[in-house]
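# Observations on the model geometry
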Amino acid sequence: MVERADVVIIGGGIAGISLAGRLAPHRDVVVIEMENHLGTHATGRSAAVYIEAYGSRAIRLLSTRSRAFFEAPPAGFSAVPLVHPRGSLVFAGSDDRDRLRKEYALAERITTVQWLDQDALLTCCPVLRPEAAAAGFLEPGARDIDTDALLQGFARMARQCGTRILTGVPVSEIRHAGDWLVIAGEWEIRADVLVNAAGAWAEEVAHRAGLPGRGLQPMRRTAATLPLPPDLARATADLPVATAVDESFYFKPEAGDMLVSLSEETPLRPCDAYPEDLDIATALERFHEATTVPRARPKASWAGLRTFAADRNPVVGYESTAPGFFWCAGQGGYGLQTAPALSALAASLLLQESLDSSGVALARALSPERFGIVNSLGDRCSAL
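Reference entry: report on the structure contained in this document. The shown structure was predicted, so the numbers you read here are calculated from the model rather than taken from an experiment. (Residues numbered from 1 in each chain as written. Predicted model: local features only at pLDDT ≥ 70, side-chain atom pairs only at ≥ 80, totals over all residues. Heavy atoms only, no water.)

## Section: empty space enclosed by the protein
- Per the counting criterion, the structure on display carries two cavities of 30 Å³ or more.
- Of the volumes computed, that of the largest cavity is approximately 40 Å³.
- Considering the residues around the largest cavity, the lining is formed by Ile14, Ala15, Ser18, Cys328, Gln331, Gly335, Thr338, Ala339, Leu342 and Ser343.
- Elements supplying a minimum of two residues to the lining of the largest cavity: helix H1 (14-23) and helix H9 (335-350).
- The leading source of residues in the lining of the largest cavity is H9, at five residues.
- In terms of residue class, the lining of the largest cavity is built from five nonpolar, five polar and no charged.
- Taken as a whole, the second largest cavity spans an internal volume of roughly 30 Å³.
- As for the second largest cavity, its lining consists of Ile51, Ala53, Ser88, Val90, Phe137 and Glu139. (1 Å grid on protein atoms, 1.4 Å probe; cavity = no way out; pocket = protein on both sides within 12 Å on 5 of 7 lines; lining within 4 Å. Points joined across faces, edges and corners; volume = space filled by probe spheres on them. Helix = DSSP H or I, 4+ residues; strand = E, 2+ residues; numbered from the N terminus. Nonpolar A, V, L, I, M, F, W, Y, C, P; charged D, E, K, R; others polar.)

## Overview of the layout of surface pockets
- Taken as a whole, the second largest pocket spans an internal volume of roughly 260 Å³.
- What lines the second largest pocket is a set of 16 residues, among which Phe91, Ala132, Ala244, Asp246 and Phe249 lie closest to the centre.
- A class-by-class count of the residues in the lining of the second largest pocket yields seven nonpolar, three polar and six charged.

## Overview of helix H5 (residues 147-160)
- With 14 residues, H5 extends 20 Å between its outermost C-alpha atoms, agreeing within 8% with the 20 Å of an ideal straight helix rising 1.5 Å per residue.
- Three or more residues of H5 are buried, namely Thr147, Ala149, Leu150, Leu151, Gly153, Phe154, Ala155, Met157 and Ala158.
- Buried-residue contacts for H5 involve H1, helix H2 (57-71), strand E8 (143-145), strand E9 (164-167) and H9.
- Just downstream of H5, glycine 162 is the residue with a positive phi angle, here 100°. (Expected span 1.5 Å × (residues − 1). Buried < 20%, exposed > 50% of the residue type's maximum accessible area, 1.4 Å probe, protein only. Contact = heavy atoms within 4.5 Å.)

## Focus on the pairing of strand E20 (residues 325-329)
- Buried residues dominate E20, accounting for five of its five residues.
- Across three bridges, strand E12 (residues 187-196) lies against E20 in parallel orientation. Across the sheet, asparagine 196 pairs through a bridge with tryptophan 327, a residue of E20.
- Where strand E19 (residues 315-318) and E20 come together, four bridges link them in antiparallel fashion. (Pairing = 2+ DSSP bridges.)

## Side note on unusual backbone geometry
- Notably, glutamate 247 is not glycine yet its phi reads approximately 60°, a positive angle.
- Relative to the helices and strands, glutamate 247 resides in the loop between strand E14 (241-244) and strand E15 (250-254).
- One non-glycine residue with positive phi stands out, namely arginine 312, at about 70°.
- Mapped onto the secondary structure, arginine 312 falls in the loop between strand E18 (300-308) and E19.

Set out below in structure tokens:
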């Protein structure tokens, strides 16, 4: 089967689908996803929290620029709210108070935060042990994100304008000769522009297209859910997501359970990531040392890959060494909370539209040209 499009996007996670939604009114778009469902990997395994005081300067700006979309999406985008109140708490023991002060000073330049002494901190999050929680700060505007509503809203936006979304079709070949030819399953898609939105597989897509990589590295992060006694589940349902200032773990209420993550970053080759028993045990030990939540066997556990460039900013823009090759990858753990602004910026760059001054600054910070070409993969894999 042969398709012709203006733009072919490889990757059906939030990066590829949100960009497809933005481009669809202006270009004929085809999206290729190797899995049978959209958002199978990083998108579907995210803790899904919108926190402005989180990430690099560029990430924080993208998050701030996304807030209006989350709070008031376009008419018909979703039948349910995209975000729900949650709050974000950063806490520290007495040994990390100086680091906490620095994080607080950075956070208050970005958004509204409240410093909490120990009494206020333990009132805000009463499951914390006093010895682990000398002080903290709260970002009351942090929100839970409805991952499915966000992803399907952008997919609906794309489909309504004629975008074809092909699932269950791994890419086997990419060639360039005047235009781009992508062979995926039984499909042959030709397009003037190829968008690399393949997440953990973004470097492999570049290599398959005959290009050097940009040093994008997938990192495993592990999470588990603990069952709570019914009375404790009710008492903790509205607690904020709580993160140790050294980022050694975080936890948040999750549908009557408690989600706990090690916050680790273990480099891996792109794969369907699975949790390691030691990582789960370490996360739960840190959690129980810091809280009074009773010990229990995990109800579920999983791992996902968060993909970073060396400077931890996404890579967005045209590749100078290959006409029509466009990067939209390396969102790290911030893909959901930055999707509205990042997709709008990427669409403007792809369509070569003018940008405001902050958009120009962001484009420079995210450009593939900001660092030298890096080949981070050795051999090419046989399938994506």
